[in-house]
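Listed here are the chains, written in short residue letters.
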Amino acid sequence: MKIEGFVASLRNAETIAELFDILQKKSAPVIELDGEKFLVVVEGDFEGSKFFTEINGEKANSALGDAMLNSSSFPFKCKKPYTGGNVIFVKLEDIESEEFLIAYKSEKAKKYFHVKDNSVREITEEEYRSLIQEMPEFKVKAFSEEQMDMMGAFFG
């Protein structure tokens with residue numbers, strides 16, 4: 001599957017629950033695109049209702065930190081007006097943790113997943129809450145000091 005096709009498929013969602021279902025049908029939270037595996041993170045707004053991704057109980061943008069800069073992000077819009085967000089692809093090879101939890105969440109819709117050794121299984125909210133305490137620290141390769149210095153020089 002191509003990244004463009006994956007992002008385009010998200011346009012078909014008419015509710016947040018449908019968006020989460022489409023993600024799951026496409027094998028999210030871990031998917032293979034163009035021969036490479038990625039962790040899929042989504043965040044956005046659906047007619048005023050926010051949705052986001054958690055990793056081990058922490059919002060993804062906090063859990064990923066600097067690694068967000070090294071990820072690919074694509075905006076998407078859905079069928080209804082004022083709906084859409086960003087889908088962020090984090091290379092699985094950049095994730096140093098072999099086990100972690102993913103939750104796609106909004107006020108009304110939630111999906112929970114346990115990722116271990118690159119295999120994914122859907123879990124219940126109760127399992128998610130109990131497993132959070134057992135999860136190792138979520139680690140992603142960050143930029144080296146040299147890469148950060150180069151970016152500083154580039155951005156001024």
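Now for a description of the structure that goes with this document. Every value quoted in this text rests on a predicted model; they were computed, and no experiment measured them. (Residues numbered from 1 in each chain as written. Predicted model: local features only at pLDDT ≥ 70, side-chain atom pairs only at ≥ 80, totals over all residues. Heavy atoms only, no water.)

A short note on the overall build of the protein
- Check the secondary structure of the protein and you find 5 helices and 9 strands.
- For the protein, the succession of helices and strands along the chain, N to C, is α-α-β-β-β-β-α-β-β-β-β-β-α-α.
- Relative to the globule expectation of 15 Å for 156 residues, the C-alpha radius of gyration of the protein, 16 Å, shows essentially globular dimensions.
- If one aligns the C-alpha atoms of the protein with their principal axes, the spans along those axes are about 45 × 35 × 30 Å.
- Sequence-distant contacts in the protein: of pairs separated by 6 or more residues, those separated by 24 or more amount to 62%.
- Looking at the protein as shown, the accessible area adds up to about 8800 Å², and 47% of this sits on carbon and sulfur atoms.
- Within the protein, the 29 negative side-chain charges are centred at a point lying 7 Å from the centre of the 20 positive side-chain charges. (Helix = DSSP H or I, 4+ residues; strand = E, 2+ residues; numbered from the N terminus. Rg over C-alpha atoms; globule rule 2.2 N^0.38 Å. Contact = heavy atoms within 4.5 Å. Areas by Shrake-Rupley, 256 points an atom, 1.4 Å probe, with all protein chains shown as cover. Lys, Arg positive; Asp, Glu negative; His and termini not counted. Charge placed at Lys NZ, Arg CZ, Asp CG, Glu CD.)

Here we look at the side chain of Thr83
- Tracing the backbone shows Thr83 in strand β6 (residues 83-91).
- On the basis of relative accessible area, Thr83 is assigned to the buried category, the value being 6%.
- Among the polar contacts listed, one links the side chain of Thr83 to the backbone oxygen of Lys80, at a separation of 2.7 Å.
- Contacts of Thr83, omitting those with residues within four sequence positions, involve Asp45, Phe46, Glu47, Phe76, Lys77 and Cys78. (Buried < 20%, exposed > 50% of the residue type's maximum accessible area, 1.4 Å probe, protein only. Polar contact = N/O pair within 3.5 Å; in protein donor to acceptor, adjacent residues only side chain to side chain.)

Regarding the layout of surface pockets
- Taken as a whole, the largest pocket holds about 180 Å³ of empty space.
- In this structure, the largest pocket is lined by Glu14, Thr15, Ile16, Ala17, Phe46, Glu47, Ser49, Lys80, Ser106, Glu107, Lys108 and Ala109.
- Here the lining of the largest pocket is composed, by residue class, of 4 nonpolar, 3 polar and 5 charged. (1 Å grid on protein atoms, 1.4 Å probe; cavity = no way out; pocket = protein on both sides within 12 Å on 5 of 7 lines; lining within 4 Å. Points joined across faces, edges and corners; volume = space filled by probe spheres on them. Nonpolar A, V, L, I, M, F, W, Y, C, P; charged D, E, K, R; others polar.)

Observations regarding the side chain of Glu99
- Inspection of the secondary structure puts Glu99 in strand β7 (residues 99-106).
- For the buried Glu99, which has no salt bridge, the nearest side chain bearing the opposite charge is Lys116, at an N-O separation of 4.4 Å.
- A polar side-chain atom of Glu99 sits 2.7 Å from a polar atom in the side chain of His114.
- With near-sequence residues (within four places) excluded, Glu99 lies in contact with His114, Val115, Lys116, Met135 and Pro136. (Salt bridge = Lys/Arg side-chain N within 4 Å of Asp/Glu carboxyl O.)

Considerations on the nonpolar core
- Among the nonpolar cores identified, the biggest contains 42 residues, and Phe6, Leu23, Leu39, Val40 and Phe89 are the most heavily contacted of them.
- In contact with Val40, not counting residues within four places along its chain, are Phe6, Leu23, Ala28, Pro29, Ile31, Val87, Ile88, Phe89 and Tyr104. (Core = buried A, V, L, I, M, F, W, Y, C linked by side-chain atoms within 4.5 Å.)

Brief notes about the packing of aromatic side chains
- Applying the stated rule across the entire model yields 10 aromatic pairs.
- Ring centres of Phe100 and Phe138 lie 5.1 Å apart, and the angle between their planes is 80°; this geometry places the pair in the edge-to-face category. Here Phe100 is found in strand β7, whereas its partner Phe138 is found in the loop between α4 (125-132) and α5 (145-155), with 38 residues between them in sequence. Accessibility classification places Phe100 together with Phe138 in one group, the buried group.
- The rings of Phe20, Phe46, Phe51, Phe76, Tyr104 and Phe113 are connected pair by pair, giving a single aromatic cluster. (Phe/Tyr/Trp six-rings, centres within 6.5 Å; stacked < 30°, edge-to-face > 60°.)

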